[in-house]
Amino acid sequence: MVCCFVSFNVFAPAQQTAWPKVTTETKPAARWWWLGSAVDEKNLTYNLEEYSRAGMGTMEITPIYGVKGNEARDLDFLSPAWMKMLRHTESEAKRVGMQVDMNTGTGWPFGGPQVSIEDAACKVFFEEYILNGGQRLSVPIEISDKQQKAIAHFSRLMAFSQTGKRWDLTSKVDKQGKLSWTAPSGQWRLIAVFNGKTLQKVKRAAPGGEGYVMDHFSQKAVANYLHRFEVAFTDTKVPYPHNFFNDSYEVYKADWTPDFFEQFYKRRGYKLEEYLPEFLDEKRLDVTARIISDYRETISDLLQENFTSQWTKWANGHGSLTRNQAHGSPGNLIDLYATVDIPECEGFGISNFGIKGLRKDSLTVKNFSDLSMLKYASSAAHISGKQYTSSETFTWLTEHFRTSLSQCKPDIDLMFVSGVNHTYFHGTPYSPRDAKWPGWMFYASINMSPQNSIWQDAPAFFQYVTRCQSFLQMGKPDNDFLIYLPIYDLWHEQDGRMLPFDIHKMDKRAPKFIEVVHKINESGFDVDYISDHFIRNTKCINGLLQTPGGATYKAIIIPAVKKMPDDVLAHLIHLTEQGAKIIFLENYPNDVPGFSQLKKRHSHFMNLLKSLPTVADFKETKVTSLKKGTVISGSEYFKTLAATGVVNEEMKTVYGLQCIRRFNESGYHYFIASLQAKDINNWISLGVKATSAVIYNPLNGESGKAQIRQVDGRTQVFLQIKSGESLILRTYSKENVGVPDWKYSSPQALGLVLENGWKLHFGNSEPSIEGTFNIGTLGSWTDLDEPKAKVNMGTGIYSVDFTLPAISADGWILNLGDVRESARVIINGKEVATLWSVPFSTSIGKYLKRGENHMEIEVTNLSANRIADYDRRGVEWRIFKEINMVDINYEKSNYGKWAAMPSGLLGPVTITPINYIKE
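Residues numbered from 1 in each chain as written. Predicted model: local features only at pLDDT ≥ 70, side-chain atom pairs only at ≥ 80, totals over all residues. Heavy atoms only, no water.

Enquirer: Report on the overall build of the chain, specifying residues and quantitative values.
Expert: A count of helical and extended segments in the chain gives 19 helices and 46 strands. By principal-axis analysis of the C-alpha atoms, the chain measures approximately 110 × 75 × 50 Å. Across the 919 residues of the chain, 63% fall into the buried class. Nonlocal contacts in the chain, meaning residues at least 24 apart in sequence, comprise 78% of its contacts between residues at least 6 apart. Summed over its atoms, the accessible surface of the chain is roughly 35,000 Å², and 50% of this surface lies on carbon and sulfur atoms. Treating the 102 positive side-chain charges of the chain as one cloud and the 101 negative ones as another, the clouds have centres 3 Å apart. (Helix = DSSP H or I, 4+ residues; strand = E, 2+ residues; numbered from the N terminus. Buried < 20%, exposed > 50% of the residue type's maximum accessible area, 1.4 Å probe, protein only. Contact = heavy atoms within 4.5 Å. Areas by Shrake-Rupley, 256 points an atom, 1.4 Å probe, with all protein chains shown as cover. Lys, Arg positive; Asp, Glu negative; His and termini not counted. Charge placed at Lys NZ, Arg CZ, Asp CG, Glu CD.)

Right, dumping it as structure tokens:
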């Protein structure tokens, strides 16, 4: 090993080493549930002032169902009175340094009273008849579904003979459904097509928002839907919001639109109606799979063009942006996400990383959104040049009233390493100031609001999010590779007709692709997904692939793909001729998708394959020059990817850390999270070279110059990061930054364990608890000989006096041990820190004095014990309409059966002397 330390005299300006500027966008945002839209100016101001004071930046208004008995205060969505409240909200938000988004509807999905039955979501129905030669149909052509009879529209009648003849009989059916046609010789299968309606209504609709869900595949229906907003904003002259939002696609059973046959022919080049027997064949032969793939592609096109693109152009035309959750859609998620201004992913459930000391709750569901799912949105943002990737954050993280701030950190860190840089909490219910506790609530919300006990120390958490996002919004993405999304394999192979890509089923929809993404990540590389459309528009410049959004990549990975359009393969070969690197994992694609002109396209495709290097065995990594570029093949992931010459991140492969890297004007910056059980204390080789580096701690705002060295041509940085912690590393390619050193530390063997002498009293508590408890040793305050302590919600103040030992040390570290659930530390009358995440430790050396010291720990518990007591006593707090309140399994809830959750400071509390080290 060749190791050298290099000293430089070129220093970076101070502003290049400071934390990035805090903006409204760097602060966390939240979905703001307006229950019944029963809002008023006084309480809107109160709520916004509370949010702003805590450190939030954006509130997204989503009106939903109301509160029982509160109908007189409900406001109809988009009515003059509602628009007046929106105007006040926008004005007050601006005054307190915030901004306002709004849902382009109420509840979800888009729909409402302006959606006529003609514009409502459509569902196709088929009716079949059999005629023999010489027979005439004795019954009318009509739909058999009684619910659809009055609303479904006849679209086509096709006749198919056993010898392969296909006749369109549509014009021979009169308005009463009578068919004027005599069957020629042989047996004929008649298939009638009706455009019916799903009859789905808006879920969780607010007053004035009730009605049918619109037809997302219809240009006319979407335009008619948006017109209502146009009228409301024009008539009232209320400014349009910062962003318009659309929630995840939950349009159930919608699979058609009135002009679908025409749109299919326009896009696919053949008439679907002429192939209805193949389209409806349940045996799923190759021809059926190809036609259904074409059907799915057409649905995807219509959703993108008629809904997503039209909605975005409409919003942009009024000075607003669009934020969209494409997941759940029956379309190409990359293209759908990339069509809007801010792609948004969603977390649903909680992840288990095995982090040391992190409390695990028994009432949880597994997070359905792993790294592979979260990256759809960020990939689309990166390849299309969008600055922000947002996230619906903390949906059903745990059961109501049981979510701690410490449980939030790992999953928001997962979002950060997946490319999210603009989080929206799910969510924050508007609640009047005088509403009885627990206030107004939404059934699937973490309830990030003043009514929740975690709000006490939430500002420290919000500061963490703001610091992280200030870096993650800076610069440009620097992921190593593009990976081709094999959408045609999915469209061709999956059963059924519609294929919604929702987060709960992706492990079954695309298991191979998910496996590949995780293997690449575990090999120390990072990727963005790319669609066929974006490949067609990608260039090769100086050996790097550049997508339409300007992001650059070292190579593109084609992961065990079977179906690929011939023009896409042709463009990949063209890119290699320009100097690009293309990686084929496990196999070359072997066929084109779809049905139209299949023979011609397949022949062209096979000729293109001949221009690729011959590979006898993909088990062996093979590197072949192709004009200016390179084709790499293989199946051993790390070896094959390393053949590109791209340097991986050792922090992933050796040390189990997760990270994302971006580049900036002076070098690169990383967000690094230890989502694992082990601590790291070692030199780590980076994937980029650096002259100097600075470490930033997003928990407390500290920063300092990192120790780096050059070893065997690679830059190494010394990192100390405990299980559950995170940090930001900024590297400088040329400058040797002139800032104070980062304080690396080593604990001494001897320290203090504060086992005895503790006292406890309650600063605030519901119910109120008076007096001071000489508890001596630490433990849950629910174990006190005080009945109220078993059911309270509040802040207990622990105090202790201790003597600092005469030990020579550079500093002292306080560790609180097990905290239920967050704590503020005060030493000798000075506030030290708010500790809300594991390992609940902080440096306290500058606050200590020789001899006697006094420490107070203000610990805030969850509100679970209080709500359980409410249910045991029969207090009526579930006062909401529609679904009201359900538990994590969407069943009626009763929390009275919960055992008391430990609360307070459980310890052990230690104070450890440390020495600063210099490697």
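Having seen it, we continue.
Enquirer: So what's going on with the pairing of strand β27 (residues 667-673)? Residues and values would help.
Expert: Counting buried positions along β27 yields six of seven residues, so the element is predominantly enclosed. With seven bridges connecting them, strand β26 (residues 658-664) and β27 associate as antiparallel partners. From the neighbouring strand, N664 faces β27, where its bridge partner is G667. With seven bridges connecting them, β27 and strand β33 (residues 726-732) associate as antiparallel partners. The partner of G667 across the bridge, within β33, is Y732. (Pairing = 2+ DSSP bridges.)

Enquirer: Summarise the packing of aromatic side chains; cite the residues concerned and give the values.
Expert: Inspection of the entire model under this criterion finds 69 aromatic pairs. Relative to F244, the ring of F233 lies with its centre 6.2 Å away and its plane at 85 degrees, an arrangement referred to as edge-to-face. Remark: F244 occurs in strand β11 (residues 243-246) and F233 occurs in helix α3 (residues 219-236); sequence separation between them is 11 residues. For the pair shown, F233 and F244 are each scored as buried. K201 extends its terminal NZ or CZ atom over the ring of Y212, reaching a point 5.2 Å from the ring centre. A cation over an aromatic ring shows up here: R878 above the ring of Y895, its NZ or CZ 5.3 Å from the ring centre. (Phe/Tyr/Trp six-rings, centres within 6.5 Å; stacked < 30°, edge-to-face > 60°. Lys NZ or Arg CZ within 6 Å of the ring centre and 35° of its normal.)

Enquirer: Any chance you could break down the sheet that holds strand β14 (residues 390-395) for me, citing the residues and the numbers?
Expert: Strand order around the closed barrel formed by eight strands is β2-β3-β4-β11-β12-β13-β14-β15, with parallel pairing between neighbours. Ignoring strand direction, the axes of neighbouring strands in this sheet form an average angle of 30 degrees. Against the sheet, helix α2 (residues 80-95) touches β2 (29-35), β3 (58-64) and β4 (99-103), its axis set at about 145 degrees to β4. (Axes fitted to C-alpha atoms, helices over the stretch in contact; angles between N-to-C directions.)

Enquirer: Requested: an account of the packing of helix α4 (residues 260-268) against helix α6 (residues 286-317), with residues and values cited.
Expert: Direction vectors running N to C along α4 and α6 enclose 105 degrees, while the axes themselves pass 10 Å from each other. Viewed along their axes, α4 and α6 adopt a mutual orientation that is roughly perpendicular. For the pair α4 and α6, contact is made by F260, Q263, F264, R267 and R268 and by D294, Y295, E297, T298, I299, D301, L302 and E305, respectively. Classifying every residue of the contact of α4 with α6 gives five nonpolar, two polar and six charged. (Parallel < 35°, antiparallel > 145°, perpendicular 65-115°, else oblique. Nonpolar A, V, L, I, M, F, W, Y, C, P; charged D, E, K, R; others polar.)

Enquirer: Just give me the short version of the sheet that holds strand β8 (residues 166-168), but keep the residues and values in it.
Expert: As summarised here, the arrangement of the four strands in space is β6-β9-β7-β8, forming an open sheet in which the pairing is antiparallel. Only two strands of the sheet have a single partner each, and these edge strands are β6 (122-132) and β8. For this sheet the average axis-to-axis angle between neighbouring strands, irrespective of direction, equals 20 degrees. Bridge count between strand β7 (residues 153-161) and strand β9 (residues 187-197): eight bridges; the pairing is antiparallel. Of the residues in β9, the one forming a bridge with F154 is F194.

Enquirer: Let's hear about the pattern of salt bridges: which residues, and what values?
Expert: Applying the stated rule across the entire model yields 51 salt bridges. Residue E262 pairs with R156 through a salt bridge whose shortest N-O separation is 3.1 Å. With E262 in helix α4 and R156 in strand β7, the pair connects residues that are 106 residues apart, well separated along the chain. For E262, a relative accessible area of 42% puts it in the partly exposed group. Between D413 and K409 there is a salt bridge; the shortest N-O distance is 2.7 Å. Taken together, the residues D413 and K409, both in helix α9 (residues 405-417) and four residues apart, mark about one turn of the helix. Taken as a pair, D413 and K409 share a single burial class, namely buried. What you see here is one network of salt bridges that share partners, running through R31, E60, D101, D247, R323, E344 and E392. (Salt bridge = Lys/Arg side-chain N within 4 Å of Asp/Glu carboxyl O.)

Enquirer: For the pairing of β4, give the residues involved together with the corresponding values.
Expert: In summary, the side chains of a regular strand alternate between the two faces of the sheet. Counting buried residues in β4 gives five out of five residues, a clear majority hidden from the surface. The alternating pattern of β4 places Q99, D101 and N103 on one face and V100 and M102 on the opposite face, and all of these are buried. Where β3 and β4 come together, four bridges link them in parallel fashion. Across the sheet, the residue bridging to E60 is D101, located in β4. In this view, the connection linking β3 to its parallel neighbour β4 by way of α2 has right-handed handedness. Summarising the sheet, β4 and β11 pair through three bridges and their orientation is parallel. Bridging across to β11, D101 finds its partner in N243. (Right-handed = clockwise from strand over helix to strand, strands pointing away.)

Enquirer: Before we move on, could you go through the environment of L814 and cite the residues and values that matter?
Expert: By the element assignment, L814 lies in strand β39 (residues 811-815). With a relative accessible area of 0%, L814 lands in the buried category. Sequence-distant contacts of L814, defined by excluding residues within four places in its chain, comprise V825, F840, S841, T842, I844, M855, V909, T910 and I911.

Enquirer: Kindly report on unusual backbone geometry, identifying the contributing residues and their values.
Expert: Trans is the common state for peptide bonds, and a negative phi is the common state for residues other than glycine. For the bond from W108 to P109, the omega torsion is -15 degrees, close enough to zero to count as cis. Relative to the assigned elements, P109 resides in the loop between β4 and β5 (111-112). At the junction of W437 and P438, the peptide bond is cis and its omega measures out at 10 degrees in the coordinates. Position of P438 relative to the elements: it lies in the loop between β15 (422-429) and α10 (458-472). Positive phi, close to 65 degrees, is recorded for L199, a residue that is not glycine. When you line up the elements, L199 lands in the loop between β9 and β10 (212-213).

Enquirer: Please give an account of α6 that cites residues and values.
Expert: For α6, built from 32 residues, the straight-helix expectation of 46 Å at 1.5 Å per residue is met to within 8% by its first-to-last C-alpha distance of 45 Å. Along its length, α6 shows its largest kink, about 30 degrees, at Q304. Where burial is concerned, most of α6 is hidden: 25 out of the 32 residues are buried. Just past α6, the residue G319 takes up positive phi, approximately 80 degrees. (Expected span 1.5 Å × (residues − 1). Bend = angle between axes of the 7 residues up to and from the residue.)

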